[in-house]
Amino acid sequence: MSLIDVFVFSLNAILPLILIILLGYFLKSKGFFTKDFLKIGNKLVFRVCLPVLLFCNIAELENIKNIPWNAVVYVLCIIAVFVILGYITARLTPDVNQKGVMMQCIFRSNFALIGVPLADLIGGNEGVTAAAILSAFTIPIYNVLAVLVLTGFKGEKSFSSVKNQIKGIIHNPLIIGVLSGIVVLLLKMVVVPYMPEKLFQDFRFVKTSLDYVARSATPLSLLVLGGQFEFSKIKGFRKQIIAGTLGRTIVAPVIGLGIAAFLTLKEILIFTPAVFAALLSLFATPVAVASAIMAEEMDNDGQLASQLVVWTSLVSVFTLFGFIFISRFLGVL
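A short tour of the structure in this document, coming up. Residue numbering note: each chain is counted from 1, following its sequence as written. Totals for whole chains, interfaces and linings use every residue, but because this is a predicted model, local features are given only for residues with pLDDT of at least 70 and side-chain atom pairs only at 80 or more, for both listing and counting. Heavy atoms from the whole structure form the basis of all side-chain values; hydrogens and water molecules are not counted.

## Quick look at the overall build of the protein chain
Just so we agree on the cut-off: Secondary structure elements follow DSSP: runs of H or I of four or more residues count as helices, runs of E of two or more count as strands, with numbering from the N terminus. The contact criterion used throughout is that any non-hydrogen atoms of two residues lie within 4.5 Å. All accessibility values rest on the Shrake-Rupley procedure with a 1.4 Å probe; residue burial counts only the protein chains present in the view.
Counting its regular elements, the protein chain contains 13 helices and zero strands. Shown N-terminal to C-terminal, the secondary structure of the protein chain runs as helices and strands in the order α-α-α-α-α-α-α-α-α-α-α-α-α. Here the contacts in the protein chain between residues at least 6 apart in sequence split such that 85% fall between residues at least 24 apart. Carbon together with sulfur atoms contributes 69% to the accessible area of the protein chain, which is approximately 15800 Å² in total.

## Some remarks on helix α12 (residues 289-297)
To be explicit about the condition: For the exposure calls, accessible area comes from a 1.4 Å probe over protein chains only, and a residue counts as buried if that area is under 20% of its type's maximum, exposed if over 50%, partly exposed in between.
Among the nine residues of α12, eight are classified as buried, and the element is accordingly described as predominantly covered. Buried within α12 are the following residues: Val-289, Ala-290, Ser-291, Ala-292, Ile-293, Met-294, Ala-295 and Glu-297. Phi turns positive, to about 60°, at Asp-299, one or two residues after α12.

## Focus: the nonpolar core
It is characteristic of soluble globular proteins that their nonpolar side chains tend to be buried jointly. Stated precisely, the cut-off is as follows: The term nonpolar core refers to a set of buried residues drawn from Ala, Val, Leu, Ile, Met, Phe, Trp, Tyr and Cys, joined through side-chain atoms within 4.5 Å.
Among the nonpolar cores identified, the biggest contains 90 residues, and Leu-279, Leu-280 and Phe-283 are the most heavily contacted of them. Ranked by residue count, the leading element in this core is helix α5 (residues 111-152), at 18 residues. Among residues more than four places away in sequence, those in contact with Phe-283 are Tyr-74, Val-75, Ile-78, Phe-82, Arg-248, Ala-252, Pro-253, Gly-256 and Leu-257. Membership of the second largest hydrophobic core comes to five residues, among which are Leu-27, Phe-33, Leu-38 and Leu-223.

## A closer look at the pattern of salt bridges
Where we set the bar: One side-chain nitrogen of Lys or Arg within 4 Å of one carboxyl oxygen of Asp or Glu is enough to make a salt bridge.
Scanning the model with the defined rule gives one salt bridge in all. When the shortest N-O distance is used, the salt bridge between Asp-211 and Lys-207 registers 2.9 Å. Placement of both Asp-211 and Lys-207 in helix α9 (residues 205-228) is noted, with a separation of four residues, approximately one turn of the helix.

## Observations regarding the packing of aromatic side chains
We count it as follows: In summary, the pairing rule links any two rings of Phe, Tyr or Trp, Trp by its six-membered ring, whose centres are within 6.5 Å, and it sorts them by plane angle into stacked for under 30 degrees, edge-to-face for over 60 and tilted for everything else.
Counting across every chain of the model gives six aromatic pairs. Judged by centre distance (5.7 Å) and plane angle (85°), the ring pair of Phe-82 and Phe-283 falls under edge-to-face. In this pair, Phe-82 sits in helix α3 (residues 69-91) while Phe-283 sits in helix α11 (residues 273-283), placing the two residues 201 residues apart along the sequence. The class of Phe-82 is buried, set by a relative accessible area of 1%. For Phe-283, a relative accessible area of 0% translates into the label buried. Note on Phe-107 and Tyr-142: the rings are 6.3 Å apart at their centroids and 35° apart in plane angle, and the pair reads as tilted.

## Some thoughts on the packing of helix α10 (residues 238-265) against helix α13 (residues 302-330)
Condition: Each axis is a line fitted through C-alpha atoms, and for a helix only the stretch in contact is used; angles between axes span 0 to 180 degrees, taken between their N-to-C directions. Roughly parallel means an angle under 35 degrees; roughly antiparallel, over 145; roughly perpendicular, 65 to 115; everything else is oblique. Two helices crossing with the near one rotated counterclockwise from the far one by less than a right angle form a left-handed crossing, whereas a clockwise rotation gives a right-handed crossing. Under the scheme applied here, ten amino acids are nonpolar (Ala, Val, Leu, Ile, Met, Phe, Trp, Tyr, Cys and Pro), four are charged (Asp, Glu, Lys and Arg), and all others, including Gly, are polar.
Here α10 crosses α13 at 25°, and the two axes come no closer than 9 Å. The angle between α10 and α13 places the two elements in the roughly parallel class. α10 and α13 meet at a crossing whose hand is right-handed. Across the interface between the two elements, Gln-240, Ile-241, Gly-244, Thr-245, Arg-248, Thr-249, Ile-250, Pro-253, Val-254, Leu-257, Ala-261 and Leu-265 of α10 pack against Leu-304, Gln-307, Leu-308, Trp-311, Thr-312, Val-315, Ser-316, Thr-319, Phe-323 and Leu-330 of α13. Considered class by class, the residues forming the contact of α10 with α13 number 13 nonpolar, eight polar and one charged.

The values reported here are purely geometric and, on their own, carry no functional implication.
Below is the structure:
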């Protein structure tokens, strides 16, 4: 596979997101989307569609027996570093409603919607398997952290309200979706081998129904995001957009991939090309679309969060190609 093929794939992975966002913006400008519709659509995506998508992504894993624990531990350590960098960025942001949004932008990537398909292309079946396994660890962590940071900065005194934060985590629909998927995955590994295959063929309507809802999550969330996007807001968010975009698309992948490449080349902690493909897909993708949905739902600055999704997606078209090229050149991919 040539680098041109990878670049074309990156375009094909990112541009559909941008085009659907622009469609949502166009429909809003023509009066198809009202504020009430977008508000209800936001709730539908956050409370139904995205949780079902996360549930399906984890529940449909074949197995997690061959877990690359070195990659899992490494990813958890790097995410901790990103959280620290995000907290520093948030402290430099004067608006309380923007602090959690900025922090979330640094550590939370669009791994589920863009990262896993990208890992499939550049790492093959082994790459997508590694990405799927990592998603079982990172998706719950991302969502728990998102709840904490989006509630933690509100009035600065909310960090003392442990009860409210725990309640927010337990009741968060995305976390419920992830945990439900993990439960089903574990049950599947224990029970399914002892059940007749015909049983699943006869009663596949449940899976089909969930798949339909899951497939609606991405286009619906992007349409709603586009409807909430306002170009007139760019001037007011210029510094935040630049800081968040640079942090998500350049600083985060340089740290995450740079250290991984160094450890591999020095044979300190070796990551196979397939695992490295998963790491690249985790660290170098734009901020998650769900970050804007969550920010809006949790009374943070949804406009800034929407801007960051759009601009990190645009910039990542170019930065993804650059990181893939460098990784190939170094021989780690």
